[in-house]
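Spelled out, the chains give:
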Amino acid sequence: MTTSGTADHGLRLIPFHGLRYVPERVGSLAAVTSPPYDVVVRPDGLNHLESADPHNIVRLILPQADTPDARNLQAAHTLRDWLSEGILSADPEPALYVYEQRKGGLLQRGIIGALALSAADAGIVLPHEDVMPHVVTDRAGLMRATSANLEPLLLTYLGDDPAAGAASVVERTARSAPLFATTTEDGFRHRLWAVTDPADLAAITADLGRRQALIADGHHRWATYLHLQEEHGSPTAWDFGLVLLVDTARYPLQVRAIHRMLRRLPLAEALASLEGHFRVRAVDGPLPLAMEALDDAAERGNAFLLAGDGTFHLVTDPDPALIERTVRHDRPEAWRRLDATVLHATLLDTLWDIPDTPDQITYIHDTEATVEMAERNGGTAVLLHPVREAIVRELARQGVTMPRKSTSFGPKPATGLVLRSLD
């Protein structure tokens, strides 16, 4: 994000012995990767990934069994088996890793390493979203059982001089031969390099020691890191967590919305509840055309697109008195105007009376999947417009967290390219 004073009060990223797939032992590196655990749409995406290769990483990050304890135990056994069978192997030297993603004209590079943990009030790593306790409990059980960080979080910082420090090391490293290159089915080409030279490591350390970072993706895993650090005491390997750090001044991230699927609220009932409180009008499909209408409306104020029965309805212009009554006043005006704030405080909590629990609300990154799931379940898809990154960063700088699952930054790192053992 911005510079943060001295090296004692900035980011501390250390090398580690990366656990990586042994290419000769798997069908292909592309076939063993997956999106982050919370992007995989169950069960369709999970089944597809599991069938892609018997060693796909989803067998570790989303193990399948009847109970949480059984799932975690299964993941731990699977990881141990893959290590003993040589499916996964630790790199001989501790390293930081330069990671590149490329698709068409989109290029993103960053550094994967083990980042020293810090609480939000330290001002070093800034969260911008609330978390759901049950998800932290779930991820903590998995990390505890496997004693591993299975996928990196995505963090951003604002660099300055592209010819010096971490930026210089990243760009120079990317001109050399990578450890591997693979293209996943989403069309992204991934490359990874190990940085082990002491001078390069020192340059990265000195540069990042002046920076603070914004959590772009992985709030629940960061909260899990902090929980397990407290559980284990210090000093231990649990004082660090696996992250990808991207200089957003050089490689701006894309920001997308995360949508809601209301499992038990039929669309007709949802629309009827809005009468007299919002402006509601039907808009033409198909979905891409309806999303264009949402984008246009979002430029003028709060806007949502509702679907679930084959039709699309644009919801705009909330009653100002209703917003005044339902949205808390002890936050900045930018927070009070967020679509996610109005959705949760005014629509979900007040007009629809829907608790934010997994049996009621499913959070989905993909617009088509959200609508399809709502139509299958007889529920309501609530589609949102993305928040601008500048607003996210400014609220985080003020210590204000957004409603959970407000943003989706990307491109996200592929899971399965490099893991970190805590043993």
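Above this text is the structure in question.
1. Observations concerning empty space enclosed by the protein
Here comes step 1: Within the structure shown, the criterion is met by four cavities of 30 Å³ or more.
Here comes step 2: A volume near 110 Å³ is recorded for the largest cavity.
Here comes step 3: Forming the boundary of the largest cavity are 13 residues, of which D38, D217, G218, H219 and K405 lie nearest the centre.
Here comes step 4: Only β11 (213–217) and α8 (219–232) provide two or more residues apiece to the lining of the largest cavity.
Here comes step 5: When residues in the lining of the largest cavity are grouped by element, the largest group, three residues, is from α8.
Here comes step 6: In terms of residue class, the lining of the largest cavity is made up of three nonpolar, five polar and five charged.

2. Examining the sheet that holds strand β19 (residues 380–383)
Here comes step 1: With respect to topology, six strands assemble into an open sheet ordered β15-β17-β16-β19-β14-β18, the strand pairing being antiparallel. In this open sheet, the two strands that pair with only one neighbour each are β15 (279–283) and β18 (361–364). The mean inter-strand angle of the sheet, taken between neighbouring strand axes irrespective of direction, is 25°.
Here comes step 2: Here strand β14 (residues 259–262) runs beside β18; their pairing, made up of four bridges, is antiparallel. Its bridge partner being in β18, R260 is matched across the sheet by Y363.

Cut-offs and rules
- Residues numbered from 1 in each chain as written.
- Predicted model: local features only at pLDDT ≥ 70, side-chain atom pairs only at ≥ 80, totals over all residues.
- Heavy atoms only, no water.
- 1 Å grid on protein atoms, 1.4 Å probe; cavity = no way out; pocket = protein on both sides within 12 Å on 5 of 7 lines; lining within 4 Å.
- Points joined across faces, edges and corners; volume = space filled by probe spheres on them.
- Helix = DSSP H or I, 4+ residues; strand = E, 2+ residues; numbered from the N terminus.
- Nonpolar A, V, L, I, M, F, W, Y, C, P; charged D, E, K, R; others polar.
- Pairing = 2+ DSSP bridges.
- Axes fitted to C-alpha atoms, helices over the stretch in contact; angles between N-to-C directions.

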